[in-house]
Amino acid sequence: MSDDREHGIADGPKGDPTMSSDAPTVGAAQLMGVRPEPGVAKPDAIFVADDVVRSFGGLKAVDVDHLEIQRGTITSLIGPNGAGKSTFFNVVSGFDTPDDGTWSFQGSDVSKLSAHRVARRGMVRTFQLTKALTRLTARENLMLGATQQVGERFIPALLRFPWRSQEAVIGARADELLERFNLAHMRDEFAGTMSGGQRKLLEMARALMVEPTMIMLDEPMAGVNPALTQSLLGHIQALRDEGMTIVLVEHDMDVVMGISDWVTTFAQGRLIAEGRPDDIRRDKAVIDAYLGAHRSLPRDQDEEESNDG
Ligand SMILES: Nc1ncnc2c1ncn2[C@@H]1O[C@H](COP(=O)(O)OP(=O)(O)OP(=O)(O)O)[C@@H](O)[C@H]1O
């Protein structure tokens, strides 16, 4: 694994969005008056889910009555291991099939759509690079990301050109994103040679190939060294400040409380609390279910401690 700092990716994205203004975005400002209650309505919801149930055998992994996500915010999903966060992500992004439930994105029902159709509508989730993808270069990964799930807004641009030129349009977008995420020097390197942090940047860039409106990040900081965490946070805030909606599943409570406009807490498949970070820090149900036992402990340390005990 290479050192991220050697490759200069700890510097943050272009335009230094790590210096993101403290003023809340419009979406975040609208949340100021919203009551911190599970299932509460949002002033400008981009995503709305109802009665989503996913069971594995006798276990209800997800059982969400109602959840709304405010447009233009960073919303985190937290909760103990096995709370159902990833299963919820998989279901609503079209990668898993629920037993029940409906959900809409930008006012349209997308609950019966396949994953690539959901992505075309502008709702995209990131995935860890599979083994096969580590054998492709950084640029090839991005090119493939585009061909697998071309966004509706990207199609008119492509259709104006014959196939060879379409490839050039996708290539230009890939190069632009490699530049933005300070990965241009890794353009023709195999993804497998990249550091943990660089892979996380590549996963994010891959999802952005389709110009999504909402991006769902599953543990974007996992395996990333502390220096790079700041850089990744800067990129995520920059995307939000440009108007994108970000939903993230993350275990690092310092990251969650520092970056989120809104925090949604899962436990045993259900939504047990929602609110601004300060509301969640004080919420008794959250402390009982999660924070009390896990406050600020990185996952590995947590696991080591439980193994010791
Ligand atoms: N494919 C599957 N088959 C059987 N059980 C599953 C499957 N996927 C998830 N589960 C179970 O569903 C529950 C929810 O898991 P999920 O991975 O969604 O939780 P999570 O909140 O994302 O946890 P973590 O933070 O550890 O990733 C867990 O009990 C898990 O064991």
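- The chain goes by Branched-chain amino acid transport system ATP-binding protein in an unreviewed UniProt entry, where it is assigned to Janibacter cremeus.

1. Examining the site of the ligand
So, point 1. Around the ligand sit 13 residues, and of these Gly82, Lys85, Ser86, Thr87 and His251 come closest.
So, point 2. For the ligand, an oxygen atom lies 3.0 Å from a polar atom in the backbone of Ala83.
So, point 3. When the ligand is considered free in solution it has 630 Å² of accessible area, and contact with the protein chains removes 60% of it.
So, point 4. Those elements that place two or more of their residues in the shell around the ligand are β2 (59–70) and α2 (85–92).
So, point 5. Across the shell around the ligand, the residue classes tally to five nonpolar, six polar and two charged.

2. Some remarks on the pairing of strand β4 (residues 100–105)
So, point 1. Pairing analysis gives five bridges linking strand β1 (residues 45–56) to β4, with the strands arranged antiparallel. Across the sheet, the residue bridging to Phe47 is Phe105, located in β4.
So, point 2. Pairing between β4 and strand β5 (residues 108–109): two bridges, direction antiparallel. By the bridge assignment, Phe105 is partnered in β5 with Ser108.
So, point 3. Taken together, β4 and the strand that follows it, β5, pair antiparallel across an intervening segment of two residues, in which Gln106 is found at a positive phi of about 50°.

3. Comments concerning the pattern of salt bridges
So, point 1. Following the criterion strictly, the structure yields 20 salt bridges and no others.
So, point 2. Here Lys42 ties to Glu274 by a salt bridge, and the two come within 2.7 Å at their closest N and O atoms. Linking Lys42 in the loop between α1 (26–30) and β1 with Glu274 in strand β10 (residues 270–275), this pair joins segments that are 232 residues apart in sequence. A single burial state applies to Lys42 and to Glu274, both of which are buried.
So, point 3. Between Arg71 and Asp44 there is a salt bridge, with the nearest N and O atoms lying 3.1 Å from each other. Pair noted here: Arg71 is in the loop between β2 and β3 (74–78) and Asp44 is in the loop between α1 and β1, with a separation of 27 residues, a long-range link.
So, point 4. Classification of Asp44 as partly exposed rests on a relative accessible area of 28%.
So, point 5. Overlapping salt bridges, with partners in common, bring together Lys60, Asp63, Asp65 and Arg270 in one network.

How each quantity is defined
- Residues numbered from 1 in each chain as written.
- Predicted model: local features only at pLDDT ≥ 70, side-chain atom pairs only at ≥ 80, totals over all residues.
- Heavy atoms only, no water.
- Near = heavy atom within 4 Å.
- Polar contact = N/O pair within 3.5 Å; in protein donor to acceptor, adjacent residues only side chain to side chain.
- Areas by Shrake-Rupley, 256 points an atom, 1.4 Å probe, with all protein chains shown as cover.
- Helix = DSSP H or I, 4+ residues; strand = E, 2+ residues; numbered from the N terminus.
- Nonpolar A, V, L, I, M, F, W, Y, C, P; charged D, E, K, R; others polar.
- Pairing = 2+ DSSP bridges.
- Salt bridge = Lys/Arg side-chain N within 4 Å of Asp/Glu carboxyl O.
- Buried < 20%, exposed > 50% of the residue type's maximum accessible area, 1.4 Å probe, protein only.

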